[in-house]
Amino acid sequence: MALKVRKNPATPPVDIDRRQRGKGSGVTEECPLNRSMALLGGAWAPHVIYFLSARARRFGELRIDIPNVSARVLSQRLRELEARGVIARTLTPTTPASAEYTLTDLGRELIPIVQAIADVGRRLATRPVAGRRARGGVRTSASLVG
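Here the structure is a predicted model, which is why all the values come from computation and not from measurement. (Residues numbered from 1 in each chain as written. Predicted model: local features only at pLDDT ≥ 70, side-chain atom pairs only at ≥ 80, totals over all residues. Heavy atoms only, no water.)

### Details of the overall build of the protein chain
- Looking only at helices and strands, one finds seven helices and three strands in the protein chain.
- For the protein chain, the N- to C-terminal ordering of α and β elements is α-α-α-β-α-α-β-β-α-α.
- When burial is assessed residue by residue, the protein chain has 19% of its 146 residues classed as buried.
- Here the analysis covers contacts within the protein chain between residues at least 6 apart in sequence; of these, 40% occur between residues at least 24 apart.
- A total of about 11,100 Å² of accessible surface is found on the protein chain, and carbon and sulfur atoms cover 57% of it. (Helix = DSSP H or I, 4+ residues; strand = E, 2+ residues; numbered from the N terminus. Buried < 20%, exposed > 50% of the residue type's maximum accessible area, 1.4 Å probe, protein only. Contact = heavy atoms within 4.5 Å. Areas by Shrake-Rupley, 256 points an atom, 1.4 Å probe, with all protein chains shown as cover.)

### Observations concerning the packing of aromatic side chains
- Overall, the coordinates contain one aromatic pair when judged by the stated rule.
- Look at Tyr-50 and Phe-51: their rings are 5.3 Å apart centre to centre, the planes differ by 90 degrees, and that puts the pair in the edge-to-face class.
- On the basis of relative accessible area, Tyr-50 is assigned to the partly exposed category, the value being 28%.
- Accessibility expressed as a relative area gives 26% for Phe-51, which makes it partly exposed. (Phe/Tyr/Trp six-rings, centres within 6.5 Å; stacked < 30°, edge-to-face > 60°.)

### As for the pattern of salt bridges
- For the structure shown, the criterion picks out seven salt bridges.
- Close ionic contact of Arg-57 with Asp-65 constitutes a salt bridge, the shortest N to O distance being 3.0 Å.
- Taking the relative accessible area as the measure of exposure, Arg-57 reaches 11% and is therefore buried.
- The partner of Arg-84 in a salt bridge is Glu-80, with the nearest N and O atoms 3.7 Å apart.
- Overall, Glu-80 belongs to the partly exposed group, its relative accessible area being 25%.
- Connected through shared salt-bridge partners, Arg-57, Arg-58, Glu-61 and Asp-65 make up one network. (Salt bridge = Lys/Arg side-chain N within 4 Å of Asp/Glu carboxyl O.)

### Topic: the environment of Leu-78
- Tracing the chain through its elements places Leu-78 in helix H5 (residues 71–83).
- In contact with Leu-78, not counting residues within four places along its chain, are Val-48, Phe-59, Leu-62, Ile-87 and Tyr-101.

### Quick notes on the side chain of Arg-77
- Locating Arg-77 in the fold gives a position in helix H5.
- Residue classification places Arg-77 among the buried residues on the basis of a relative accessible area of 8%.
- Among the polar contacts listed, one links the side chain of Arg-77 to the backbone oxygen of Ala-43, at a separation of 2.5 Å.
- What Arg-77 contacts, discounting residues up to four positions off in sequence, is Gly-41, Gly-42, Ala-43, Trp-44 and Ala-45. (Polar contact = N/O pair within 3.5 Å; in protein donor to acceptor, adjacent residues only side chain to side chain.)

### Section: the pairing of strand E3 (residues 98–103)
- Sheet analysis places strand E1 (residues 57–58) next to E3, joined by two bridges and oriented antiparallel. Across the sheet, the residue bridging to Arg-57 is Tyr-101, located in E3.
- What sits between the antiparallel neighbours strand E2 (residues 87–92) and E3 is a turn of five residues. (Pairing = 2+ DSSP bridges.)

### Topic: the pairing of E2
- Of the pairings in the sheet, the one linking E2 to E3 comprises six bridges and is antiparallel in character. Its bridge partner lying in E3, Thr-92 is registered against Ser-98.

### Some thoughts on the nonpolar core
- Counting 19 residues, the largest nonpolar core has Val-48, Ile-49, Leu-52, Leu-78, Val-86, Ile-87 and Tyr-101 as its most contacted members.
- Contributing elements (two or more residues each) for this core: helix H2 (32–40), helix H3 (45–52), H5 and E3.
- The dominant element in this core, judged by the number of residues it contributes, is H3, at four residues. (Core = buried A, V, L, I, M, F, W, Y, C linked by side-chain atoms within 4.5 Å.)

This is the structure we're talking about:
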């Protein structure tokens, strides 16, 4: 027996075309949240934006800033962010040639979002670990405290 679908009390953004809703529709491209998340999508992309928010950085400096990312993934992410218009790559006339990465105007618009995520992470680090979930994934009353 299927459960009754409840009405969502959250007000959807006004610029979503509700007529396109359904399987296989193009509504994902039309949602403003999805457009923003597409810019932040990909492993390590928010980290790159976060570390470029202070100043321009070279590839090696970003590797030091984000020690857990591999060179291959970082290179791929930098190319993707450049293609999306979030960062700009500037070649410096040195020997050997070097490139610096900076945030574009669009990338700077994303700084408050990434900073807010980092702030929540800092607050979560100071919280005690929540209690275990009871059988069936239902939270116990002890796990709701915190």
